[in-house]
Amino acid sequence: VTNKYPSDIPQPREPLIFIHFDQRIDPRAVLTTIQLSASGDPIATRLATADEIKANETVNQLVERAKTDRYLVFRPQEPLPTDTTFSVHVGPGTPSAEGPLVTEEMESFSFRTYAPLRISEHGCQWYDDVCRPLIPLYIRFNNPLDIDAYNDSLLTVQPPIPGATVNIFGDTLQIRGATEGQTTYRITVDAAITDIFGQTLGKDETLTFRIGRAEPFLTGPDQTFVTLDPAAEKPTFSVYTINYNKLDVKIYSVQPSDWPDYMLYMQEGYRQEPPPRPPGSLVFDDTVPVEAPDDVLTEVPVDLSQVMDGKYGHFIIIVEPSRGLSFFNPDRDRFRVQAWV
């Protein structure tokens, strides 16, 4: 056996079972050496039809990728009981279509039919034990959810999360949005939420998510070249921060002819400590205070009108957490924002 299905995903009561071998086989001859059982009790099986295979997206894809004449697909003759573990034993004595030798040892795997829908766990998608602001929240179920049957009315979030969006990945609901630090959110999952087997949760369930204090964070545009809106009231380059009260800002005036040197600086600069000086003339170098409440993502605009000579210009802008009295800053590479503007 070189490939098999199903394994970890809950299965319907009439599952298709796919087995791929390293040699050509006669499916009917091989099926006589395969036993499907539950708690040791054998279950009658038959080969799946072409229509049954085509109706099963996962198995159909496995068949399309399989080597010719090296696989079989079979199923139980009658629907299986739910919430039950089943074993598949292949051989010994399974024959090849390429020669007289048969398998000498049994190969086995198992799968489980679906159980009543329930929530199995919830938390935040982070490696720490504490949920942090802006980190996605998740609710995991024991069965995959029916995406087509889902709508946002099935989740109630208190207090509301600004800009919240919900995505479904198999058995998991992911909630993204501007969660705030040191805040407790309660999310109620409606009883009508449905899995792919047509089952509902049956009762409303309220889950608690406790968001701790945010780690200091600084971010900005992810492009190395940024064009500001010429129609804006002021030419400002925005970065966003949480729990930093000071930012070091450097602005270099450059010309288009400096672009090759800037590219070289970007390629080599991250390897050096202290970082090298970028091309151009330094026209601003100061520590900018940030006035913002704790644990709230805050926009910090860098005003370029103070360094511009006329309506247009080219600048290299570097923003990073303030170094204070210490030159070494372990977050420099992680949270440094820089761009040609």
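Everything in this summary refers to the structure shown in the same document. (Residues numbered from 1 in each chain as written. Predicted model: local features only at pLDDT ≥ 70, side-chain atom pairs only at ≥ 80, totals over all residues. Heavy atoms only, no water.)

As for the state of the cysteines
Argument step 1. Under the defined criterion, the tally for this structure stands at one disulfide.
Argument step 2. At a sulfur-sulfur separation of 2.4 Å, the disulfide partner of Cys-124 is Cys-131. Judged by the sign of its S-S torsion, about -105 degrees, the cystine formed by Cys-124 and Cys-131 is left-handed.
Argument step 3. The exposure class of Cys-124 is buried, given its relative accessible area of 10%. (Disulfide = S-S within 2.5 Å. Buried < 20%, exposed > 50% of the residue type's maximum accessible area, 1.4 Å probe, protein only.)

What to know about the sheet that holds strand E12 (residues 165–169)
Argument step 1. With antiparallel pairing, the four strands of this open sheet are ordered in space as E9-E10-E13-E12. Each end of this open sheet is capped by a strand with a single partner; those strands are strand E9 (119–124) and E12. Ignoring strand direction, the axes of neighbouring strands in this sheet form an average angle of 15 degrees.
Argument step 2. Note: E9 against strand E10 (residues 137–141), five bridges, orientation antiparallel. Across the sheet, Gly-123 pairs through a bridge with Tyr-138, a residue of E10. (Pairing = 2+ DSSP bridges. Helix = DSSP H or I, 4+ residues; strand = E, 2+ residues; numbered from the N terminus. Axes fitted to C-alpha atoms, helices over the stretch in contact; angles between N-to-C directions.)

Examining the sheet that holds strand E20 (residues 298–303)
Argument step 1. Read from one edge of the open sheet, three strands run E16-E17-E20, paired in antiparallel fashion. Both outer strands of the open sheet, strand E16 (217–219) and E20, are each paired with one neighbouring strand and no more. Neighbour-to-neighbour, the strand axes of this sheet turn through a mean angle of 30 degrees, independent of strand direction.
Argument step 2. Of the strand pairs in this sheet, E16 and strand E17 (residues 236–242) are connected by three bridges, and their pairing is antiparallel. The residue bridging Phe-217 from the neighbouring strand is Ile-242, located in E17.

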